[in-house]
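Examining the three-dimensional arrangement
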Amino acid sequence: MDNKCETVKLSYTVHRYSSYSANYLPENILINKPSDQLSRWFTDSSTPCQYILLKLENPAIVESITFGKYIKAHVSDLKKFQILGGTDENNLSLLLKAGLKKDNSTETFTLRHRTSEGLFFPVQYIKIVPLQSWGPAYNYTIWYVELNGKNQEDFVNNALETISLRKEEEAVRILLKHLRRRRYKDAFEALTRESGVQLEGPMQGRLWNALVENGDYELAEQIFEEAANSGELDWYLSWQPYTPEWKQLVPCSSVVEERLYSGDTSPPPHARAQDLSCADRQPQIDPLCKQEANGVEAGGVDGAVGGAGCVRGPGGDGESAGGGEAAASPCLLRPVPRGGHQLVVDPNTGLLYLFGGWNGEEDLDDLWSFDPSTESWRLLCLHSGAVGGPSPRSCHKMVFDPVHEKLYTLGRYLDNVQRVPENMKCELYSYSVREGVWRVSCEDTAAAGGPRLVFDHQMCLDASEQTIYVFGGRVLPANTEELSSPQYSGLFSYHIESNVWRSLEPEPPHPAPPHRVSHSMLFHPVQRRLYMFAGQRNKEQLVDMWWWDCEEAPPRPHALCTAPPRAPPPQGFTQRATIDPHTDEIHVLSGMSKEKDKCVYNTLWVFSLRRMTWSCLYRNDSVEPSEPRPRFAHQFVYDPVRKVHYLFGGNPGLTSSPRLRLDDLWSLRLHRAGCGGVRAKARAALREARYRELAAAPERAPAALHYLRHALSEAIDHSSSLQVAHFQKLATVLFSGRTSPDEDELLYGSEAAGAGTGRPLDVGRVRTLRRRRAAARRDAYHADLPRALLSVLGTDEPLVEPSPFEDECPSPEPAEEPRDSRSNETWETRAARIRLYDRLCRYFRPSAVPPADDIQNLVHL
């Protein structure tokens, strides 16, 4: 339903505020007058308690907030701020924590408008809290605020009702948790029956009964094993970090290895003045200064074969046009080193396809395939431009259609001398893997309604709909005016069967991502969405993330984040991204740093679309034999069927060898810890708890010792020195009866001691508590009142009010009732079991276990 509801501008009023200075009234933020210096809210203080509270006409789903600015940067603009929202002005939740840039550009931020479970979160109050201004000790300024979201009555009312029901359900679950832990059995069963709310999943309920209520550790161990076998641990395992495993499939050639360590023999290249920059081609090479190079890299293929040719068939069983002698040449056994090339995967066969690139001296137009099963390269086409295919090029893009087994490539980079009218057309080429033939699918995409000639753009393919998407990229300038004013391309779609191009730029006032270069764009075939993030526009580094729903007609962009996300990957040249549609994860491998040092390193980040979080898996800034050399202008692709990444080529960024490119091929598999480790930890924890119960009773010491030597010893990893040391200390429990909590948690990780594991208020404990309260009232004016109250209630309240259920004049107090040692031992044993149950619950999905909150924490005395 949310897709049918349009996002609109929301009306609001200024409900409350902290302060204002002179005529800079809070109501000024309702009007956008960027040229009027008086049209703003300006506080009269810079203390942290400043705020402005906005009230919507009706509750709404507030999706974004826009801040207007003055015509030039102002020192009192908000460098840091936070935004809270809710339906009750006294109970607001954090929606955003960000900051404005020090410029005059309007900024839009996406607000959190869903709960962690994905439910829409309606609000009526928006509170903006300034935290820091750009000028030191300056008061805060807000020029203009605009709120956008959904306010359709039926939609919002449905969201409010859903949130209310969810809160009611969670409140009941918290009550059920309290009642069960205090053994209020009748109340627990009655509330469960009346509400219909389940405290936990069936498997977790069986685990509670076996472990906590019955102390049957063997059955508890069996239930946990059953849960692991049925996939109950999958949620926990999905949060575990990956371990990268690199494998070198093809090493660098001997020529490249020699130059990596001996330096370049040719003179350093020089960049052309006022020329365009292309990260995949850095550094620029002046074609007039090219010198003939030796070996495989400098045109080895050209020297080996005097003509062009394509090898027909998907297996490349034919011969090249150069003849059998040329085909046997060592230069044709593998691709030459390069950067700025394209590499794609055929998910049906697992084959890789490589086309074009820049070898440090010139562009290439050879086409290769690589078979991971045999770890061998095969030449498909030596010179594509000579057989109706694309001419030599780099900074182009290529996609693979697994339905019709075709490659599609578009775009290229051109030096100044190459920008003549006959080269400025943007052709779309296709290559049939079955036939081994190149064809021109579209001779001039710009004339057909598509993009102009671009480079550093991105292409994606929706195979089921036979649609290619192209976004961004630098438009090759056709004249000096366009050269001085950079132009960037937008979003286009190309329907393969109908040969129709369409522009998908949204109409105002819908927000749209800025056009850019050096970004990433990926198609999610399950969600049927395009994801685009990061990049560069002019000198600005962009760290936003957008998505398009390809089911919409036309697709309209939606902002996931327009401000820097939490822990974003560092911006680098030629970042490469892939997507796993099964885990909803985006993998980003970045190259050269854009910092001043321009150092070359590789970092691998993973972004979870389910949790909207980044995590860094891998960083490599040195040369290790088991890992690929750091590089940029490489290619990094993913086979989603076989779950393996491939890395090929690139620029090592050596100042001593600026022309050098790489020709090695690596595979990368990402491994997560399996459930075997979790099972082992749970088994050891359960057996240790069983042992401690046996050791606590002196008459059961022989059984405890036997259990320690056999059952518990089997569950210990004796290759771990930490576990062995802990196991050896467990023998002392037989003499002491128990150990400290710190020692309890040493082996299996420290967890909360288990809030709410105390005893219920039986009649004896009620009388004891009543006497202590009465004694506190008599000592209300004790000279050391804080300490007296702290010893009774654990609080520093100045007055203890009598309960209406207590006698005003309590009778003389009898002696305190003797404690039942057996009862204490029973509750202590139960508390230990509950703590163990809580530790085991962390391996299950939160919705399948009792809530983490405890009702006692909501009581303030």
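Note that the structure is a prediction, hence the values are computed from the model and not measured. (Residues numbered from 1 in each chain as written. Predicted model: local features only at pLDDT ≥ 70, side-chain atom pairs only at ≥ 80, totals over all residues. Heavy atoms only, no water.)

1. Remarks on the confidence of the model for the chain
The line we're drawing: The pLDDT score gives, residue by residue, the confidence of the prediction method on a 0 to 100 scale. A contact between two residues is defined here by any heavy atoms of the two lying within 4.5 Å.
Here the chain averages 83 in pLDDT, while 80% of its residues score no lower than 70. Predicted confidence for residues 268-274 stays below pLDDT 50, and this span has 17 contacts to residues more than four positions away or in other chains. A low-confidence stretch, residues 311-328 (pLDDT under 50), is modelled with 32 contacts involving residues beyond four sequence positions or located in other chains.

2. Remarks on the sheet that holds strand E15 (residues 376-381)
Selection rule: What makes two strands pair is DSSP finding at least two bridges between them. Per the convention used, a helix needs a DSSP run of H or I reaching at least four residues, while a strand needs a run of E reaching at least two, with both numbered from the N terminus. Where helices are involved, their axes are fitted lines through C-alpha atoms of the stretch in contact, as for all axes, and angles between N-to-C directions lie from 0 to 180°.
Across the sheet, which stays open at both edges, the four strands sit in the order E12-E13-E14-E15 with antiparallel pairing between neighbours. One side of each edge strand has no neighbouring strand; the edge strands of this open sheet are strand E12 (342-345) and E15. In this sheet, neighbouring strand axes are inclined to one another by 25 degrees on average, regardless of whether the strands run parallel or antiparallel. The sheet contact formed by strand E13 (residues 352-358) and strand E14 (residues 363-371) spans six bridges and is antiparallel. Its bridge partner lying in E14, tyrosine 353 is registered against serine 369.

3. A word on the pattern of salt bridges
Pairing between side chains becomes possible if they bear opposite charge and their charged atoms approach one another. So the rule is basically this: Just to be clear on terms, a salt bridge is a Lys or Arg side-chain nitrogen sitting within 4 Å of an Asp or Glu carboxyl oxygen. Only protein chains enter the accessibility calculation, which uses a 1.4 Å probe; a residue is then buried when its area is under 20% of its type maximum, exposed when over 50%, and partly exposed in between.
This structure, assessed with the given rule, holds 34 salt bridges. A salt bridge links aspartate 838 to arginine 181, with the shortest nitrogen-to-oxygen separation between them at 2.6 Å. Linking aspartate 838 in helix H17 (residues 821-841) with arginine 181 in helix H1 (residues 153-181), this pair joins segments that are 657 residues apart in sequence. Residue arginine 181 is classed as buried on the basis of its relative accessible area, which comes to 3%. A salt bridge links arginine 334 to aspartate 663; the shortest N-O distance between them is 3.4 Å.

4. Topic: the side chain of serine 489
Structurally, serine 489 is set in the loop between helix H9 (480-484) and strand E24 (491-495). Leave out the neighbours within four places in its chain, and serine 489 touches Pro451, Val454, Gly472, Gly473, Val475 and His515.

5. Observations regarding the nonpolar core
Where we set the bar: Nonpolar cores were defined as sets of buried Ala, Val, Leu, Ile, Met, Phe, Trp, Tyr and Cys residues, with membership established by side-chain atoms within 4.5 Å.
Among the nonpolar cores identified, the biggest contains 29 residues, and Leu54, Phe67, Ile128, Val145 and Leu147 are the most heavily contacted of them. Going through the elements one at a time, strand E2 (12-17), strand E4 (52-68), strand E5 (78-88), strand E6 (91-98), strand E8 (123-133) and strand E10 (144-150) are the ones with two or more residues in this core. A per-element tally of this core places E4 first, with seven residues. Residue contacts for phenylalanine 67: discarding those within four places in its chain leaves Phe81, Ile83, Leu100, Thr106, Glu107, Phe109, Ile128, Ile142, Tyr144 and Val145.

6. Comments concerning the pairing of strand E7 (residues 107-110)
Residues Glu107 and Phe109 point to one face of E7 and are all buried, whereas Thr108 and Thr110, pointing to the other face, are not buried. Direction of pairing for E4 relative to E7: antiparallel, over a ladder of four bridges. Bridging across to E7, isoleucine 65 finds its partner in phenylalanine 109.

7. Some words on helix H4 (residues 217-229)
Which entries qualify depends on this criterion: Expected helix span is computed as 1.5 Å times (number of residues minus one). By construction, the arc corresponds to the directions joining the helix axis to the C-beta atoms.
Between its terminal C-alpha atoms H4 stretches 18 Å, which fits the 18 Å expected from 13 residues at 1.5 Å a residue. Residues of H4 that are buried include every one of Tyr217, Ala220, Glu221, Ile223, Phe224, Ala227 and Ala228, and no others. Down the axis of H4, the sector holding all buried residues measures 160 degrees, keeping them to one side. Every exposed residue of H4 that faces more than 90 degrees away from the buried side is listed here: Glu218, Gln222 and Asn229. Remark: glycine 231 follows H4 within two positions and exhibits a positive phi of approximately 90 degrees.

8. Side note on helix H3 (residues 202-213)
Over its 12 residues, H3 runs 15 Å from end to end, which matches the ideal 16 Å to within 8%, given 1.5 Å per residue. Residues of H3 that are buried: Met203, Gln204, Gly205, Leu207, Trp208, Ala210, Leu211 and Val212.

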